[in-house]
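Remarks on the overall topology
Residue strings, one per chain:
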Amino acid sequence: MSLASVPTFVTASLSVALGIFVLRRNRSKLNWTFALWCFLTGYWQAHWTLLFSINDESLAAVLARLGYSGITFIPIVFFHFVAEFTESLVLKRLSRLFYAIGATFLFLTWTGDRYIAGVYRYDWGFYPKAGALHPVFLAFLGIMLALGLNALLAYRRRVSEQRLKVNQINYIIVSALIYSLAAVDFLANYGAEFYPVGLIFTNLHAAIIAYAIVQFRLLDINLALKRSLISALILAGLLVPCYLILISSQQLAFGSIDIAFSLLTLSLLAAAGFLFPRFRFIGEDALERALFTSRTDHHETLLQSSREMVTVVDLSELSERLVRTASHAVGIDKAALYLYDDAKNKFNLASTVGFELRQTCDPVLGHGDPLVQALISSREGFVREELAMVPAGNGKSAAAQRMGQLGAEVSVPIVSKDKLSGILNLGYKVDRQIYSTEDLEFLSTLANQAAVAIENARLYENLKQSQLTLRRADRLSSLGLLTAGLAHEIRNPLVAIRTFTQLLPERYDDPEFRQVFQGLALKEVDRICGLINDLLNFARPSRPNIAEENLNDVVDSVARILESQAKDKDVKIAREFSADLPKAWIDREQLKQVFMNLILNAIQAMRDGGSLVIATRVSADDDGNVSRPCVQVEVRDTGIGIPEENLERIFDPFFTNKDGGSGLGLSISHQIIQEHGGRMLVRSKIKEGTSFFVNLPLEKPDHSVVEHPVRAS
């Protein structure tokens, strides 16, 4: 190998590597054509590497023809790549014709001197000599380039609204134009003695394509490959100068270059470059485990605690986990966690290990406590022995004294949003060793993790309270609508009773009148009592209570309350209840609220009257993963329907199409059904009506609303 062959060897290697990289990530037709383009470039440069390294003219003539066997197809493969990229059937058919023309040039390469007429011998090595038909190939190459670029420009106009695609096309056009500048090497085919510099342009082309792959997902390769591609380019950038130094050193020291030795050395350098990072991390990890056991344990504990804290949203459970993690990891016998209470402006004891309540460990720390004030000022953890060395009269010495009273050797602040939200106090280590720097760093990092987790838990608590408030507001809104309808419904029987009462003195002696009056009065009074009881049952706040209930009874009780409103709207309510409906595990009062919302919405959707069907049946709930038996309640109306674009949003809080509606009813109902382990589905057609399906499982929910009355969905 000579110095002149090194650049061509490097170019060949990079081209082949880029082709392999593209194929490994995606083996589509588009990627295959691009990879073939890269492989032909590598094939061309590899043969030139051999041409520049040998002294046998007859062998050089064979290598020249072998090289041109690949060069001939480079413009055709470029055109084929453009056809695949633009997805043009016309260009794909045309590329088949061009492959046939390429086969003709391949035939001419090996049958005489009309295309390739031997080789020139230059100072830097052999080079192919152009034959009489070589200019025809150059014209053919120009046609391929012009047609390909024209197709890309036309495609860019068609997809001008797709910015990502336009950027991809721009980079392909620029890279193709730069690649075409490698045609300057054809001058050497006609006797111009200068070193072929086309490899510079092929490498620039490869760099541009690689950048487009990383930045604009060219060839459908994801951005996640950015790091591996950059690492490979950096390694290549380091190996190339090392290899040049190796070649130059051989030339200077021995007067010649040994190809086998050079390739072996390059392979070893490449292997070391690829393998060193992996062995480095393995070795570092092994040494760290052997020499710094506690630090390694702390790292693993932090990783595990970080994963666990993310999943915990209950503040009490989170507090207990934090105290247990700290005490176990550092090896202490006593620990206490205080959390700030905004309402009382105090730090309440949230969890302890090894302390007995009100013995040494106070249950409350006031905002003016010396330890609290010191932690607010410093925002760093304190070691009591270090604070005790501070001169008396200083606030930190008072904090050290307070730590002694609390049985704390170390106090770590938990800071959230630039505010002290908690204090973690830890006692002596079990082995009475001092706290190391690694221990303090671990506790500080653990406190930072805990600050985020505690803030999330508090936000979750606030969310639960907000949802409970919204649910109560929705209940009151429904109650207001009920009272308006019930007032009208109660007035009618009272008018009848009042009329009969006025006539009673005059017709008291009429037995038939008294009998009719008594029956009618009792019937109307019972009706009024039933309506009032239903209203009280709905309005009365009740504790969540899961029990086996018959959904027919639950739905019917709600329907009876709303029948007066249905009559006012000229809506007829029909019941299609299954007689052998099995019981389901539900909270009766919460399900009443759900069906109240669904039936009211159905009545309001039928502005000009209509029919409302309430049906119950045994069904199967299929969520795509598993099918399970369930009880299904269907509420079907003949109203105005829901637009298709709104179907995905109707369960969103505050989304409503009704004038004056709060947009909370369906959202809360949907959440209640989810808490019962069920699903709510909807089907609707404009001007035909809407059907809501409530699927409730027959088995008892694993996490009942008794334990979780409100949960985020």
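Along each chain, residue indices are assigned from 1 in the same order as the chain's sequence is written. Given that this is a predicted model, residues contribute local features only at a pLDDT of at least 70 and side-chain atom pairs are listed and counted only at 80 or more, while totals for whole chains, interfaces and linings are drawn from all residues. Water and hydrogen atoms were dropped before computing side-chain values, which therefore reflect all heavy atoms in the structure.

So, on to the overall build of the protein. Here a strand is any run of E in DSSP of at least two residues, a helix any run of H or I of at least four, and the numbering for each starts at the N terminus. For the protein, the count of helices and strands is 20 helices and 17 strands. We call two residues contacting when some pair of their heavy atoms lies within 4.5 Å. For the protein, long-range pairs separated by at least 24 residues make up 67% of all intrachain contacts whose partners lie at least 6 apart in sequence. Each accessible area is a Shrake-Rupley result for a 1.4 Å probe, and residues are judged covered by the shown protein chains and nothing else. Entry remark: accessible area of the protein is about 37,100 Å², with carbon and sulfur atoms responsible for 57%.

A strand pair is defined by DSSP finding two or more bridges across the two strands. With mixed pairing, the five strands of this open sheet are ordered in space as 12-14-15-17-16. At either end of the open sheet lies a strand with only one pairing partner, and these are strand 12 (571–576) and strand 16 (679–685). Recorded for the sheet is a direction-independent mean angle of 20° between the axes of neighbouring strands. In this analysis an axis means a line fitted to C-alpha atoms, helices contributing only their contacting stretch, and an angle means the value between N-to-C directions, from 0 to 180 degrees. Helix 18 (residues 551–568) rests against strand 12, strand 14 (610–622), strand 15 (627–637) and strand 17 (689–697) of the sheet, and its axis sits at about 165° to strand 12.

Moving on, we get to the pattern of salt bridges. In the sections that follow, a salt bridge refers to a side-chain nitrogen of Lys or Arg positioned within 4 Å of a carboxyl oxygen of Asp or Glu. Per the counting criterion, the structure on display carries 14 salt bridges. Of the charged contacts, one joins Asp369 and Arg402 as a salt bridge, the two residues approaching to 2.8 Å between their closest N and O atoms. Taken as a pair, Asp369 in the loop between strand 7 (364–366) and helix 13 (370–378) and Arg402 in helix 15 (residues 395–406) lie far apart in primary sequence, 33 residues in all. Judged by relative accessible area, Arg402 falls into the buried class, the value being 13%. Accessible area is worked out with a 1.4 Å probe on protein chains only. A residue is then buried under 20% of its type maximum, exposed over 50%, and partly exposed in between.

Attention now goes to the side chain of Asn695. Mapped onto the elements of the fold, Asn695 is located in strand 17. The term polar contact refers here to a pair of N or O atoms within 3.5 Å; inside protein, the definition further demands a hydrogen-donor-capable atom paired with an acceptor-capable atom, and it admits residues adjacent in sequence only when both atoms are side-chain atoms. For Asn695, the side chain forms a polar contact with the side chain of Gln632, separated by 2.9 Å. Once residues lying within four places of it in the same chain are set aside, the contact partners of Asn695 are Asp621, Cys630, Val631, Gln632, Ile673, Gly678, Arg679 and Leu681.

Strands in a sheet are paired, the pairing made by backbone hydrogen bonds, and the direction either parallel or antiparallel. Taken in spatial order, the six strands make up an open sheet running 7-4-3-10-9-8, and their pairing is antiparallel. Lying at the two open borders of the sheet, with one neighbouring strand each, are strand 7 and strand 8 (382–383). Note: strand 3 (residues 335–341) against strand 10 (residues 419–426), five bridges, orientation antiparallel. The partner of Tyr338 across the bridge, within strand 10, is Ile423. Of the strands in this sheet, strand 4 (346–353), strand 7, strand 8, strand 9 (410–416) and strand 10 touch helix 13, which is tilted by about 120° from strand 10.

Glancing now at empty space enclosed by the protein. Throughout, the protein atoms alone are placed on a 1 Å grid, and a set of points is a cavity if a 1.4 Å probe fits but cannot get out or a pocket if it is open with protein on both sides within 12 Å along at least five of seven lines; lining residues have an atom within 4 Å of a point. Grid points are joined across faces, edges and corners, and a volume is the space filled by probe spheres set on the points. Tallied over the entire structure, the rule returns two cavities of 30 Å³ or more. The volume enclosed by the largest cavity comes to roughly 320 Å³. In terms of lining, the largest cavity is formed by 20 residues, of which the most central are Ile74, Leu141, Tyr179, Ala183 and Phe186. Under the scheme applied, nonpolar residues are Ala, Val, Leu, Ile, Met, Phe, Trp, Tyr, Cys and Pro; charged residues are Asp, Glu, Lys and Arg; polar residues are all the others, including Gly. Residue composition of the lining of the largest cavity, by class: 17 nonpolar, two polar and one charged.

Put simply, helix 2 (residues 29–51) and helix 4 (residues 74–86) touch, their axes get as near as 9 Å, and they point 165° apart. The pairing of helix 2 with helix 4 is recorded here as roughly antiparallel in orientation. Helix-helix and strand crossings are classified by hand; for helix 2 and helix 4 the assignment is left-handed. In this structure, helix 2 uses Lys29, Leu30, Thr33, Phe34, Leu36, Trp37, Leu40, Thr41 and Trp44 to contact helix 4, whose residues at the interface are Ile74, Val77, Phe78, His80, Phe81, Glu84 and Phe85. Split into classes, the residues belonging to the contact of helix 2 with helix 4 amount to eleven nonpolar, three polar and two charged. With respect to orientation, any angle under 35 degrees is reported as roughly parallel, any angle over 145 as roughly antiparallel, any angle of 65 to 115 as roughly perpendicular, and every other angle as oblique. It is the rotation of the near helix from the far one that decides the hand of a crossing: anticlockwise by less than a right angle makes it left-handed, clockwise makes it right-handed.

A few words on the confidence of the model for the protein. Summary statistics for the protein give a mean pLDDT of 79 and a share of 77% for residues scoring 70 or more. The lowest-confidence element of the protein is strand 5 (residues 356–357), averaging 52 in pLDDT; the highest-confidence one is helix 5 (residues 89–109), averaging 93. Taken together, the stretch residues 222–226 has pLDDT below 50 and engages in six contacts with residues farther than four places along the chain or on a different chain. Values of pLDDT, ranging from 0 to 100, describe the predictor's confidence in every residue of the model.

To pair, rings of Phe, Tyr and Trp, with the six-membered ring standing in for Trp, must have centres within 6.5 Å; the planes then decide the type, stacked if under 30 degrees apart, edge-to-face if over 60, and tilted in the middle. The tally for this structure, following the rule as stated, stands at 25 aromatic pairs. The side chain of Lys129 reaches across the aromatic face of Tyr120, ending 5.0 Å from its centre. Whether a charge sits over a ring comes down to the Lys NZ or Arg CZ being within 6 Å of the ring centre and within 35 degrees of the ring normal. Across from the ring centre of Phe85, 5.0 Å away, lies the NZ or CZ of Lys165, which sits over that ring.

Looking now at the packing of helix 2 against helix 3 (residues 57–71). For the pair helix 2 and helix 3, interaxial distance at closest approach is 8 Å and the crossing angle is 165°. Viewed along their axes, helix 2 and helix 3 adopt a mutual orientation that is roughly antiparallel. Judged by the sense of rotation from one axis to the other, the crossing of helix 2 with helix 3 is left-handed. Between helix 2, through Leu40, Tyr43, Trp44, His47, Trp48, Leu50 and Leu51, and helix 3, the contact on the second element is made entirely by Ala60, Leu63, Ala64, Leu66, Gly67, Tyr68, Ser69, Gly70 and Ile71. Considering only residue class, the contact of helix 2 with helix 3 consists of twelve nonpolar, four polar and no charged.

Our next topic: the environment of Ala183. Looking at where Ala183 falls in the secondary structure, it is placed in the loop between helix 7 (163–180) and helix 8 (198–216). The spatial distance from the C-alpha of Ala183 to the C-alpha of Gly142 is 10.0 Å, given a sequence separation of 41 residues.

Looking now at a nonpolar patch on the surface. On the surface, Leu59, Val62 and Trp110 cluster together into a nonpolar patch covering about 270 Å² of accessible area. Here Trp110 shows up in the loop between helix 5 and strand 1 (116–122). Put simply, a patch holds well-exposed residues, over 30% relative accessible area, that have no salt bridge, with like charges counted together within 9 Å and Val, Leu, Ile, Met, Phe, Trp or Tyr side chains within 5 Å.

Next up on the list: the environment of Ala605. Counting through the fold element by element, Ala605 comes out in helix 19 (residues 588–605). A relative accessible area of 18% means that Ala605 is categorised as buried. Along the primary structure Ala605 and Lys569 are separated by 36 residues, whereas in three dimensions their C-alpha atoms are 10.0 Å apart. Setting aside its immediate chain neighbours within four residues, Ala605 contacts Gly639 and Ile640.

Note that an α-helix has 3.6 residues per turn; residues three or four places apart therefore point the same way. Expected helix span is computed as 1.5 Å times (number of residues minus one). Between its terminal C-alpha atoms helix 12 (residues 315–330) stretches 23 Å, which fits the 22 Å expected from 16 residues at 1.5 Å a residue. For helix 12, the set of buried residues is Leu318, Ser319, Leu322, Val323, Thr325, Ala326, Ser327 and Val330. The N-cap residue of helix 12 is Asp314: its side-chain oxygen and the backbone nitrogen of Ser316 are 3.3 Å apart. At the C-terminal side of helix 12, Gly331 shows a positive phi close to 80°.

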